[in-house]
Amino acid sequence: MTTVAAVHGVLPPHRYPQRMLTDLFARLCLPDPTSRALAERLHDNTGVATRHLALPIERYPELDGFTAANDAFLSVAVDLGCEAVLGALADAGLEPEDVDLVMSTTVTGIAVPSLDSRIAARIGMRPDVKRVPMLGLGCLAGAAGVARLHDFLRGWPTSVAVLVSVELCSLTLQRQDPSTANTIAAGLFGDGAAAVVAVGADHPRSAGGPRVVDTVSHQYPDSERAMGWDVGSGGLKIVLGVEVPDLVRTYLAADVEQLLGPHGLGVDDVARWICHPGGPKVIETIQSVLALDAEDLAMTWRSLNRIGNLSSASVLHVFADTLAERPAAPGDWGVLLAMGPGFCAELVLLRW
């Protein structure tokens with residue numbers, strides 16, 4: 001089985017309280033005081049207290065279009081990605097030249113060459129390192145990336161594989177757009193990165209960390225417009241449907257059963273729930289359909305409050321926090337799960 005040798009999250013240094021970020025959104029996007037009052041209510045209801053931005057807050061009025069925003073993305077994303085990967089490798093006791101495959105994921109900027117190529121070159125990975133860039137999975141990609149590392153390592157059990165997620169959601173803000181979707185996104189999403197180091201079953205470092213036992217993927221029918229981007233001259237415009245909690249309510253319990261059932265497990269057998277902090281309504285729905293209590297998802301709620309929703313990097317920050325602060329006993333079971341554009345769910349069964 002694949003072993004997760006390390007998970008390491010990083011954040012930009014620019015941290016601001018929610019109300020200060022609401023003020024920035026109002027100045028850039030809202031035409032009248034009525035809209036401002038609505039934005040304040042929506043942002044107050046996100047459960048977010050503080051977030052990190054890719055740039056100092058005073059730089060955002062200077063970003064006058066998609067080109068400027070994407071140039072800022074390229075600069076910051078490579079720096080953060082390198083920091084995350086080097087931190088994860090150090091935690092795992094490995095070096096950049098040990099990596100056989102590097103997978104990158106982002107949905108908040110365009111990079112060609114891809115982020116994995118730029119990061120690999122900067123930190124000194126081998127020239128024959130295999131690269132897999134993923135674009136378009138959004139919030140799903142943290143969990144999906146771990147599952148795809150597992151797929152690779154099943155075939156290459158002596159190898160080291162790295163996933164790096166970088167999401168700079170603040171750089172996708174749509175100016176002069178007072179829509180509800182843009183308003184909610186501006187109050188919910190933050191910036192950050194994370195990296196996962198995984199090793200195959202025959203690698204010398206396979207004895208430490210949780211093991212990946214199984215994975216499940218599920219694309220839900222007739223849900224393409226539940227979440228995603230519309231790409232226009234102004235860049236990436238958020239698509240955020242109200243049906244997301246209903247999709248979770250309809251499908252998630254069966255997805256979890258599909259993951260656990262073949263191993264003779266039920267929800268009560270899971271000691272660690274590592275869930276993407278999609279927002280208060282989504283987290284509450286997960287708790288409801290799986291009959292979990294607030295303590296089961298305490299790390300998810302805390303991550304949402306402290307750093308917001310980091311798209312694909314968020315579930316990896318929750319994973320890193322769980323490993324650091326909630327040590328598991330040998331034999332404990334865990335579930336890593338996230339949902340995102342498609343609309344899809346990705347679940348990973350872990351055992352310590």
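Here the structure is a predicted model, which is why all the values come from computation and not from measurement.

Student: Tell me about the state of the cysteines, and name the residues and values.
Tutor: Linking two cysteines covalently through their sulfur atoms gives a disulfide. In this structure the tally under the stated criterion is 0 disulfides. Unpaired in this structure, C82 has its nearest cysteine sulfur neighbour in C169, at a distance of 19 Å.

Student: Give a description of the packing of helix α7 (residues 244-260) against helix α8 (residues 280-290) that names residues and reports values.
Tutor: One can describe the packing of α7 onto α8 by two numbers: an axis separation of 9 Å at closest approach and a directional angle of 35°. For the pair α7 and α8, the crossing hand works out as right-handed. Listed contacts from α8 to V244, P245, V248, R249, L252, A253 and V256 of α7 are K281, V282, T285, I286, V289 and L290.

Student: Describe the UniProt feature "domain: Chalcone/stilbene synthase N-terminal" (unreviewed entry) in the chain, naming the residues involved and giving the relevant values.
Tutor: The UniProt record annotates "domain: Chalcone/stilbene synthase N-terminal" (unreviewed entry) at residues 3-202. Its end C-alpha atoms 10 Å apart, residues 3-202 is made of 42% helix and 23% strand.

Student: Give a description of unusual backbone geometry that names residues and reports values.
Tutor: Look at the link from V112 to P113: it is a cis peptide, with omega at 5°. Within the secondary structure, P113 is located in the loop between β4 (101-106) and α4 (115-123). For the peptide bond that leads from G342 to F343, omega is -10°, which places it in the cis range. With respect to the helices and strands, F343 occurs in the loop between β12 (333-340) and β13 (344-351). Non-glycine residue Q176 carries a positive phi angle of around 55°. For Q176, the location among the structural elements is in the loop between β6 (160-168) and α6 (180-188). On the basis of relative accessible area, Q176 is assigned to the exposed category, the value being 59%. Positive phi outside glycine occurs at A291, with the angle close to 55°.

Student: An account of the nonpolar core is requested, with residue identities and associated values reported.
Tutor: Within the largest apolar cluster, 51 residues are counted, with the highest numbers of intra-cluster contacts made by Y60, V85, L168, L171 and V197. Of all the secondary structure elements, the ones that give two or more residues to this core are β1 (2-10), α1 (18-29), α3 (66-92), α4, β6 and β7 (191-199). Per-element tally for this core: the top contributor is α3, with 12 residues. For L168, the residues in contact, after removing those within four places along its chain, are A54, F73, V76, A77, L80, T108, D191 and G192. Membership of the second largest hydrophobic core comes to 38 residues, among which are V244, I283, L297 and M339.

Student: A description of the environment of N70 should follow, citing residues and the corresponding values.
Tutor: Looking at where N70 falls in the secondary structure, it is placed in helix α3. Overall, the relative accessible area of 12% leaves N70 in the buried class. Residues contacting N70, with those up to four places away along its chain left out, are G109 and I110. Polar side-chain contacts of N70 include one of 2.9 Å to the backbone nitrogen of I110.

Student: Describe in detail the packing of aromatic side chains, supporting the description with residues and values.
Tutor: Tallied over the entire structure, the rule returns 3 aromatic pairs. Consider the rings of F152 and W156, whose centres lie 6.4 Å apart with planes at 25°: the pair is stacked. On the basis of relative accessible area, F152 is assigned to the buried category, the value being 14%. Classification of W156 as partly exposed rests on a relative accessible area of 49%. When the centroid spacing of 4.4 Å and the interplanar angle of 15° are considered together, the rings of Y220 and Y251 count as stacked. In this pair, Y220 sits in the loop between β8 (211-219) and β9 (227-232) while Y251 sits in helix α7, placing the two residues 31 residues apart along the sequence. Residue Y220 is classed as buried on the basis of its relative accessible area of 2%. Judged by relative accessible area, which is 23%, Y251 ranks as partly exposed. Following the ring pairs from residue to residue traces out a cluster consisting of Y220, Y251 and F343. Its end group placed over the ring of W156, K130 keeps NZ or CZ at 5.2 Å from the ring centre.

Student: Give a detailed account of the environment of T285, specifying residues and quantitative values.
Tutor: With respect to the helices, strands and loops of the structure, T285 is situated in helix α8. According to the relative accessible area criterion, T285 is buried, its value standing at 6%. In sequence terms T285 and M1 are 284 residues apart; their C-alpha atoms lie 31 Å from each other.

Criteria and cut-off values
Residues numbered from 1 in each chain as written. Predicted model: local features only at pLDDT ≥ 70, side-chain atom pairs only at ≥ 80, totals over all residues. Heavy atoms only, no water. Disulfide = S-S within 2.5 Å. Axes fitted to C-alpha atoms, helices over the stretch in contact; angles between N-to-C directions. Helix = DSSP H or I, 4+ residues; strand = E, 2+ residues; numbered from the N terminus. Left-handed = near helix turned anticlockwise from the far one by under 90°. Contact = heavy atoms within 4.5 Å. UniProt positions renumbered as here; feature names shortened; annotations may be inferred. Buried < 20%, exposed > 50% of the residue type's maximum accessible area, 1.4 Å probe, protein only. Core = buried A, V, L, I, M, F, W, Y, C linked by side-chain atoms within 4.5 Å. Polar contact = N/O pair within 3.5 Å; in protein donor to acceptor, adjacent residues only side chain to side chain. Phe/Tyr/Trp six-rings, centres within 6.5 Å; stacked < 30°, edge-to-face > 60°. Lys NZ or Arg CZ within 6 Å of the ring centre and 35° of its normal.

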